[in-house]
Structures are given as C-alpha cells and as structure tokens.
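# A structural walkthrough
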Amino acid sequence: MELATLKDLHPAHWTKACAIRALAMDAVQAANSGHPGMPMGMADVATVLFEKHLKFDASAPDWADRDRFILSAGHGSMLLYALLHLTGYEDMTLDQVKAFRQWGSKTAGHPEYGHAKGIETTTGPLGQGIANAVGFAMAEEALRARFGKKLVDHFTYVIAGDGCLMEGISHEAIGLAGMQKLGKLIVLWDDNDISIDGRISLSDVTDQRKRFQAAGWQVLSCDGHDPEDIDAAIGRAKTSKKPTMIACKTHIGFGSSKQDSAKAHGSPLGAEEILKVRETYGWPYGPFEIPAEVKSAWEAIGAKGGAERAAWEARLAEQSTGRQAEFARVMAGEPPKKLSATIRALKKQISDSAPKVATRKSSEMVLEVVNPVMPETIGGSADLTGSNNTLTKDLGIFDASNRKGRYVHFGIREHGMAAAMNGMVLHGGIKPYGGTFLCFTDYARGAMRLSALMGVAPVYVMTHDSIGLGEDGPTHQPVEHIAMLRATPNINVFRPADTVETAEAWELALSTTTTPSVLALTRQNLPTVRTEHKIWNLTAQGAYVLAEATGKRQAILMATGSEVEVALKAREILEAEGIGTRVVSMPCWELFEAQDEAYRRKVLPAGPVRVGVEAMVRFGWDRWLHGERGHRDKAGFVGMEGFGASAPAEVLYEKFGITAEGVASKVRELL
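These lines cover the structure that appears in this document, whether it is placed above or below. Every value quoted in this text rests on a predicted model; they were computed, and no experiment measured them. (Residues numbered from 1 in each chain as written. Predicted model: local features only at pLDDT ≥ 70, side-chain atom pairs only at ≥ 80, totals over all residues. Heavy atoms only, no water.)

Here we come to the overall build of the protein chain. Counting its secondary structure elements, the protein chain contains 27 helices and 20 strands. Computed over the C-alpha atoms, the radius of gyration of the protein chain is 28 Å, within 12% of the 26 Å expected from 2.2 N^0.38 for a compact globule of 671 residues. Across its three principal axes, the protein chain shows a C-alpha extent of roughly 95 × 55 × 45 Å. Relative to its full complement of 671 residues, the protein chain shows a buried share of 62%. With 74 positive and 80 negative side-chain charges, the protein chain shows a spacing of 4 Å between the two charge centroids. (Helix = DSSP H or I, 4+ residues; strand = E, 2+ residues; numbered from the N terminus. Rg over C-alpha atoms; globule rule 2.2 N^0.38 Å. Buried < 20%, exposed > 50% of the residue type's maximum accessible area, 1.4 Å probe, protein only. Lys, Arg positive; Asp, Glu negative; His and termini not counted. Charge placed at Lys NZ, Arg CZ, Asp CG, Glu CD.)

Now for the environment of Met 38. Position of Met 38 relative to the elements: it lies in helix α3 (residues 37-53). By relative accessible area, Met 38 is classed as buried at 3%. Each C-alpha atom of the pair Met 38 and Ser 466 lies 45 Å from the other, and the pair is 428 residues apart in sequence. Dropping the residues within four chain positions of it, Met 38 is found in contact with Leu 71, Ala 73, His 75, Gly 76, Leu 79, Ile 159, Asp 190 and Ile 252. (Contact = heavy atoms within 4.5 Å.)

Judged by which residues are buried, strand β1 (residues 68-71) turns out to be covered on both faces: Arg 68 and Ile 70 on one side and Phe 69 and Leu 71 on the other are all buried. Where β1 and strand β2 (residues 156-160) come together, four bridges link them in parallel fashion. Directly across from Arg 68, in β2, lies its bridge partner Thr 156. (Pairing = 2+ DSSP bridges.)

Taking 1.5 Å as the rise per residue, helix α2 (residues 11-31) with 21 residues should run 30 Å; its terminal C-alpha atoms sit 30 Å apart, in good agreement. Of all the 21 residues making up α2, 16 are buried; the element is thus mostly covered by neighbouring parts of the structure. At the C-terminal side of α2, Asn 32 shows a positive phi close to 55 degrees. (Expected span 1.5 Å × (residues − 1).)

Where helix α27 (residues 660-670) is concerned, the buried positions are Ala 660, Val 663, Ala 664, Val 667 and Leu 670. All buried residues of α27 lie within an arc of 120 degrees about the axis, which places them on one face of the element. Buried residues in α27 make contact with β17 (553-559), α22 (563-576), β19 (609-614) and β20 (635-639). (Arc of directions from axis to C-beta.)

Right, let's get into the nonpolar core. Of all hydrophobic cores here, the largest spans 69 residues; its most connected members are Met 138 and Leu 185. Take this core: its biggest share by element is eleven residues, from helix α6 (residues 128-147). When near neighbours in sequence (up to four residues on either side) are disregarded, Leu 185 contacts Ala 133, Val 134, Ala 137, Thr 156, Val 158, Ala 177, Trp 217, Pro 243 and Thr 244. In terms of nonpolar packing, the next biggest core, distinct from the first, is built from 68 residues, Met 38, Ala 46, Ala 82 and Trp 298 among them. (Core = buried A, V, L, I, M, F, W, Y, C linked by side-chain atoms within 4.5 Å.)

A separate point is the packing of α6 against helix α8 (residues 168-180). Between α6 and α8, the least distance of the axes is 8 Å, while the angle of their chain directions is 20 degrees. By the angle between their directions, the pair α6 and α8 is classed as roughly parallel. You can see that α6 and α8 cross each other, and the crossing is left-handed. From α6, Gln 128, Ile 130, Ala 131, Val 134 and Met 138 reach across to α8, where they touch Ile 169, Ser 170, Ala 173, Leu 176, Ala 177 and Gln 180. A breakdown of the residues in the contact of α6 with α8 according to their chemical character gives eight nonpolar, three polar and no charged. (Axes fitted to C-alpha atoms, helices over the stretch in contact; angles between N-to-C directions. Parallel < 35°, antiparallel > 145°, perpendicular 65-115°, else oblique. Left-handed = near helix turned anticlockwise from the far one by under 90°. Nonpolar A, V, L, I, M, F, W, Y, C, P; charged D, E, K, R; others polar.)

Opposite charge on two side chains permits them to pair, given that their charged atoms come into close proximity. Considering all chains together, one arrives at 43 salt bridges under this definition. Glu 120 serves as the salt-bridge partner of Arg 66, at 2.9 Å between the closest nitrogen and oxygen. Here the residue Arg 66 occupies a position in the loop between α3 and β1, and Glu 120 occupies one in the loop between α5 (94-98) and α6, the gap between them amounting to 54 residues. The two residues Arg 66 and Glu 120 agree in class, both being buried. The partner of Lys 347 in a salt bridge is Glu 504, and the shortest N-O contact between them spans 2.8 Å. One end of the pair, Lys 347, is in helix α15 (residues 338-353); the other, Glu 504, is in helix α21 (residues 499-511), with 157 residues separating them in the sequence. In this pair, the class of Lys 347 matches that of Glu 504, namely buried. Members of the salt-bridge network, linked through shared partners, are Glu 593, Glu 597, Arg 600, Arg 601, Arg 623, Glu 628 and Arg 629. (Salt bridge = Lys/Arg side-chain N within 4 Å of Asp/Glu carboxyl O.)

Our next topic: the sheet that holds strand β10 (residues 407-409). With parallel pairing, six strands are arranged side by side in an open sheet as β10-β9-β11-β12-β14-β13. Looking along the sheet, the strands with just one partner apiece sit at the ends: β10 and β13 (492-494). Here the average twist between neighbouring strands, direction ignored, is 20 degrees. The sheet contact formed by β13 and strand β14 (residues 517-520) spans three bridges and is parallel. The partner of Phe 494 across the bridge, within β14, is Leu 519.

Among the secondary structure elements, Phe 69 is positioned in strand β1. Here the alpha-carbon distance between Phe 69 and Ser 362, two residues 293 residues apart in the chain, equals 39 Å. Not counting residues up to four positions away in its chain, the partners in contact with Phe 69 are Leu 49, Phe 50, Leu 54, Leu 80, Leu 83, Glu 120, Tyr 157 and Ile 159.

Within the structure shown, the criterion is met by 18 aromatic pairs. Their ring planes at 85 degrees and their centres at 5.3 Å tell us that Phe 50 and Phe 69 sit as a pair that is edge-to-face. With Phe 50 in helix α3 and Phe 69 in strand β1, this residue pair connects regions lying 19 residues apart in the sequence. The same class applies to Phe 50 and to Phe 69, which are both buried. For the ring pair Trp 283 and Tyr 285, a centre distance of 4.9 Å and an interplane angle of 80 degrees mean the geometry is edge-to-face. Overall, the relative accessible area of 23% leaves Tyr 285 in the partly exposed class. Here a set of aromatic residues connected by ring pairs shows up, and it is made of Trp 589, Phe 592, Tyr 599, Trp 621, Trp 624 and Phe 637. Over the ring of Trp 589 we find Arg 486; its NZ or CZ atom is 3.7 Å from the centre of that ring. (Phe/Tyr/Trp six-rings, centres within 6.5 Å; stacked < 30°, edge-to-face > 60°. Lys NZ or Arg CZ within 6 Å of the ring centre and 35° of its normal.)

Let us now look at the pairing of strand β11 (residues 431-437). With seven of its seven residues buried, β11 lies for the most part within the structure. Both strand β9 (residues 377-381) and β11 contribute to a ladder of three bridges, which runs parallel. Following the sheet pairing, Thr 377 is matched in β11 by Lys 431. In terms of strand pairing, β11 meets strand β12 (residues 459-463) through five bridges, oriented parallel. Paired with Phe 437 across the two strands is Thr 463, which belongs to β12.

In this structure, Asp 162 sits in helix α7 (residues 162-166). Among buried charged residues, Asp 162 stands out as having no salt bridge; its nearest opposite-charge side chain is Lys 249, 7.4 Å away. Leaving out residues up to four positions away in the same chain, Asp 162 has contacts with Trp 189, Asp 190, Asn 192, Asp 193, Ile 194 and Ile 200.

Most peptide bonds adopt trans geometry, and most residues besides glycine take a negative phi value. Phi is positive for Phe 288, which is not a glycine, with a value near 65 degrees. Inspection of the secondary structure puts Phe 288 in the loop between α11 (271-281) and α12 (292-303). The backbone of Asp 394 shows a phi angle near 70 degrees, a positive value even though the residue is not glycine. Its location among the elements puts Asp 394 in the loop between α17 (385-388) and β10. The class for Asp 394 is exposed, based on a relative accessible area of 77%.

By themselves these figures say nothing about function.
The following block contains the structure:
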C-alpha cells in the first residue's frame, strides 16, 4: 500500500505507526549511529501486532502467560524501544529513548536482555533471535502439557530480516521448529530486499517461502503496509498447527528519499532528510515529541491485556497451594530442595563403590538421580545421544505427539540446539541441558557466548574432551577449546576428574540462574579419586588439595579432569624418591578465581615448584603457574603443544608425553 493511501484509509493506525517511525529517526539521529530504515519499514506490522494480537500487559511485564515478542533483527532495536515506551513500560522512559546507544542507558545499540523489561532476549548477532524463539515455543508447549492451558497458553512472535534468514543458524532453527510442529510460533519476515551491501540479489537467490514450506511451515504473505492485510495474515497464522512464516513485503526507510536503498539501513537519515520525512508523514512535531492523544492511544494498547492477566491470576489462585508453589519455583529457576540431598547420597555411594567409568557415564549416573527430582529439566543431544549419555530412563521423547516428553532429538544442529536452550531458559520454567562433543563448541559458540552475555544458565554437556577420545583423531580432539571457553566471561567450565566431581559440578550447574555451565567430560574410563566421602561440595571452591605431600612439600601438581589420575601417579613416583608432592584438583578455574586470597594462598602457597597437567594447550595456565605466588623459573606444564592424532588413547598419551613419568621428569627438571 502506498503511503498516501495508507494515510487516507487508516488515519488512526497511521498516527500510531508514525510515532514509532519518528522516535526511531530521532533517536538514531541524536546518537549519530543506528539503523532507522528497518523500524520505519516494519512500523505498520508492529502496530497491528501489538494492537490486535499480542497478549501482554505493560504494567506487568513478567506475567508468565504473556505472548513473547522477539526482535531477531536486533539492529532495528529502536522499533522495540519505541514500542516499549509508547505502550507504557515503566522503565522505558522518553529519557531512555533519547539516550539511545549511550553509556549507562537501557537502550543499547542492540536489544540486551536484562536492560529493560520487555526485552525477551539479546539479539543483534543475526539469526539468534529466531533460533531462541524455537526454544521459547518449545518451552511453552512443554509447560502447557505439564500445567495445563489455564496457566500456559501463549504465542511467540518474531520479527526477522533477510540477514537472520541468511545466517546458517536459521536453517537449523527452521528445520527443528518444522519437525516439532510448533504451531504457536509465528515469524514475521521483513521482506524488504535490502541488506547493508545493497540488494539481496547481490548475495542470495533463495526462495525463502519455498524454504520454509520445505521445512514443514505454513507460509503466508501480506502487504507490510496494509493494516488489514497484516491483521488477516496474523489471524490466520494463529489457527495453524504448524509454525508460520508471514512474508511481510515492506519498504525500508518508508517515506524517505532513501526508501528501498541500503542508505536507509545503517546510518542516520540526516536532519534535513528527517524534516522532509516529517512533512511527508504529516507529522508536525519536534524531535522526540509525541502528541498526548497518540501516546494515550498507545498506552491503552499497553493496558488492554490487564483484564486477561487478572483472569489468569484468578485461575492460578484456584490451583492447589502446592501446584502454585511448584509453578512459581520453576518459573523462578529455583532448584528443588531435594537436589543437594540427592547429590550427597550419590557421592556417598560412589566414594564407597569407587567405580572406574568415563565422566560422560558419570554424568549419566547423576542425571539418573537428578531428572526424577527436577521435572523442569529437558535434555537433548545434537545426534550424539549414545555418546553424550544424556538420555535417562522414563524421560520420554519431546515431540508433537508427546509434549510431556523431556528429551529432544536436536539432530546435527549444535548451534540451533544451544540457541534453543537459551530460549527455553529465557522463557522460564525449563532447565535445559544439551550434549555434543567438546570440539563442536565451535559450531555452538555464537549461542554459548550469548548465554554468558545474557547471564542465563543452560548446561552444555560436552563429551570426548581431549586426545583421550582416541581414534577419531585431531578433527574431533579438542586442544584449544577449553582455553577459548575459559577466556569467555561468565561461563563456568567444569572438567571433573571422577564421578564425585561430576556430581558436584552438576549440582552447581543446576543451582545457578546467572551463569551457563560447560561440563567437559571424558570418553575414556577414569578411576574414582575422591574415595573419602565429603558432605560439602569441594568443586564449589574451584580447586582443592586432593593429595598432600607426606614430607617437606617441594612440588605442587595442578591438574584437571582425566589428568588428575596422571598427577596422582606422578606423585607416587616423586614421593618414592623423597620429593614431597601435593596434588591439586582444579575442576573449575572460574570458581577458584572467585575464592578469597586466603583460600587461594592455602591451596597454592609460595615456595614449591609447580607443574600444570592438562591434555590441552598451555594457554591460560600461566595465571596459576607464574601468578598466585608462583615463579616463572619454578613452573612447568605438561600437555599439548599442537593438534592431536589418530590412535588409541593410551598411545596418544604416551606419544605426547602426558604420562606420570613425564610429569615427574618435569618436576625433577625444575628442582
């Protein structure tokens, strides 16, 4: 629909949509930075969605049964900020809009979860939002099956752009959503045919409609500037048992001289151009000025869900006290009170029986006792279930035929899996964990980084964590991945040495709501090194003394995971030679860093030589070898210097020198 026709036929809609466009133009101009074209192009779609369809109450932004709105095209963040301000979200003030992209503001360049209410997820890295949305929709299905439609019955809406659909993660997300038949997931594609470089035809010839259809979606289309057409398309989408993609044909930079060009995409329009656009719009107001009647109309939209929310609260109050408490607990992400006792009982059993198992099997043993007491867990694997040991009995498979199932076959979609887990956590009510090989964190990395950035806590079960996986060779043997993960702020990287440490790591991972956890687990069997039962969680300290020197302490061996066994055997050799040797297990560096100076000094005192032992590259180890009262000339490392090789695990450890004798020899050199 042409601009003049839209103004004439739908004047009330036009003024509300103009408020979005004006705020977007003004904020980007004031910041001298940003993307005005997308909000200008999608303002009509967003206005219809919020006015006619979206179930929300701006005065209760955390209402559990609200519809979720995700701006996957996060560069158009002013669209979201304008909507939040106009509809009356308390913390999205006009001053915040004016402070767009400035230090300390809630209005970051791309929407950031936690900065303001109504921002459901952090977007900007294209494709992440649509992939998160799959997790949101899966969480809604699972919780509706558990708690019933009276408490859980809502849609997930996404605005995605061409860039979102070109990113590879979108293919993983679209395929998963189609297979799962997520009928309450609706994607509104901003089909404007423009990216930063110019026309989409410069880089892509994909027929997106056929692509979605091939993946099992309902595909609709509408004129993205015709409110009646938009309304009809969304209404039809809501009746489908399949996820729906609506191709919304729009004009980027609608109404400006830069319309339908890349010039409207990623830079301010300019003060002179904005004046011309105001004339074209018939919008005779100054920068950031919204007439009272338009603001009131928008605030009425923001309040229209109040009655529905009150009815929902009444239905919740009708539930039993226990059911209300359980709903509140899982939505808050709080672990059940039984968790600690369950973990302690398993630890006691393991310390007594001392099994020799791979820590991936240890993880399965933990999940076998945890999943029954944590009904909010949903597990899965990227087509490596038997290798990751992530499926426990009685979980059932989550799919369209069984929404009470708690195990997801994600397929070979590591990135999509990680992003969907983020969406599940962000939705609330679900504690997801997902598995693949540690080497394939490369594929999941974008979403894992966003877990850390947002401060949400999925659990990444990463098995086959070193050259110890053996014959699959260096393509599958991670050597640098642990260092990469440790370098990422706000991720707890656990590399447990046995089943006891694995149980402790799981307890910590399931108890946090603000930090994602990575469990790096072995393929090869390891002995139980914690044979003396301790009630308290030693892994929570990050590092601790596992074995003390019997005489004068001359050496400290620091190790993680499978190399703790190597360090203990090296200690036996050195102690037999009269060299007093302490072994420190370091299952989680991040938690050790968080301990106070007194505790760290107790574990790593000055004086003895130090040797780090890990079947990874050295990167990061100097913090513990040279720092923390250590000295460069009294420190060494036994580990990997390059990539691995294809051979049995025991051969690889010998050939690469990661042996007890190799560690003992390093100590002797330093002494």
